[in-house]
Amino acid sequence: MTTLKEMVTDFLAQKRIAVAGVSRRGGEAANLVYRKLRGAGYQVFAVNPNATEVEGSPCYADLRSIPGGADGVVIATPPAAALQIVQECAALGISRVWMHRSFGEGSVSETAVRFCREHRIAVIAGGCPVMFCTPVDVGHKCMRWILRLTGRLPA
């Protein structure tokens, strides 16, 4: 059985990461993840079918549209969209998915998690990459601690 630490280390070892759910408004969790990964030196690709540009960079309608593809995908959309995204991951050979969730409902869909496991896609079902991508800010360190304490950090 793979531990959360091993899965996080593997996910963050990738260099080309797509973030599904990035918004033109900019205040969404997806945008925070997008900015953090970009600032940490990753090649990050915004995905939103309703935008062509986000935060001054190109935005792609779907994963298939990303030139050169992605190694991993952070899903920060409503849970209802997660299944379609992981199905696209399977079709494209993307084998790493992180479904964002902190304190609220987040993006985790049990159907999408099950699909990932059935199709050999490594899935982190909850938490946030910002809680692990160094340097981690104090707020996200506290969030990680609280989620672990309450049992809401994925195992």
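Scroll up to find the structure.
The sections below set out a description of the structure shown in this document. Because the structure is a prediction, the values reported are computed rather than measured.

### Observations regarding the sheet that holds strand E3 (residues 53–54)
Working step 1: Spatially, the seven strands line up as an open sheet ordered E3-E4-E2-E1-E5-E6-E7, and their pairing is mixed. Of all strands in the sheet, those with a lone pairing partner are E3 and strand E7 (122–125), marking the two edges.
Working step 2: By the bridge criterion, two bridges tie E3 to strand E4 (residues 57–60) in an arrangement that is antiparallel. Within E4, the residue paired with valine 54 across the bridge is serine 57.
Working step 3: Packing against the sheet, helix H1 (residues 4–12) makes contact with strand E1 (16–20), strand E5 (72–75), strand E6 (96–99) and E7, and its axis sits at approximately 115° to E7.
Working step 4: Its contacts with the sheet place helix H3 (residues 79–92) against E1, E5 and E6, and it is angled at close to 175° to E5.

### Here we look at the packing of H3 against helix H4 (residues 110–118)
Working step 1: One can describe the packing of H3 onto H4 by two numbers: an axis separation of 8 Å at closest approach and a directional angle of 15°. Regarding the angle of H3 to H4, the classification is roughly parallel. At the point where H3 passes H4, the crossing takes the right-handed sense. Here Ala82, Leu83, Val86, Gln87 and Ala90 of H3 lie close against H4, whose contacting residues are Thr111, Ala112, Phe115 and Cys116.
Working step 2: Along the lines of polarity and charge, the residues of the contact of H3 with H4 split into seven nonpolar, two polar and no charged.

### Examining the state of the cysteines
Working step 1: Enumeration according to the criterion identifies zero disulfides in this entry.
Working step 2: The thiol of cysteine 116 is unpaired, and the distance to the nearest cysteine sulfur, on cysteine 89, comes to 6.9 Å.
Working step 3: By relative accessible area, cysteine 116 is classed as buried at 0%.
Working step 4: No disulfide involves cysteine 128; its sulfur sits 9.6 Å from that of cysteine 133, the nearest cysteine.
Working step 5: Of the residues examined, cysteine 128 reaches a relative accessible area of 3% and is grouped as buried.

What counts, and at which threshold
Residues numbered from 1 in each chain as written. Predicted model: local features only at pLDDT ≥ 70, side-chain atom pairs only at ≥ 80, totals over all residues. Heavy atoms only, no water. Pairing = 2+ DSSP bridges. Helix = DSSP H or I, 4+ residues; strand = E, 2+ residues; numbered from the N terminus. Contact = heavy atoms within 4.5 Å. Axes fitted to C-alpha atoms, helices over the stretch in contact; angles between N-to-C directions. Parallel < 35°, antiparallel > 145°, perpendicular 65-115°, else oblique. Left-handed = near helix turned anticlockwise from the far one by under 90°. Nonpolar A, V, L, I, M, F, W, Y, C, P; charged D, E, K, R; others polar. Disulfide = S-S within 2.5 Å. Buried < 20%, exposed > 50% of the residue type's maximum accessible area, 1.4 Å probe, protein only.

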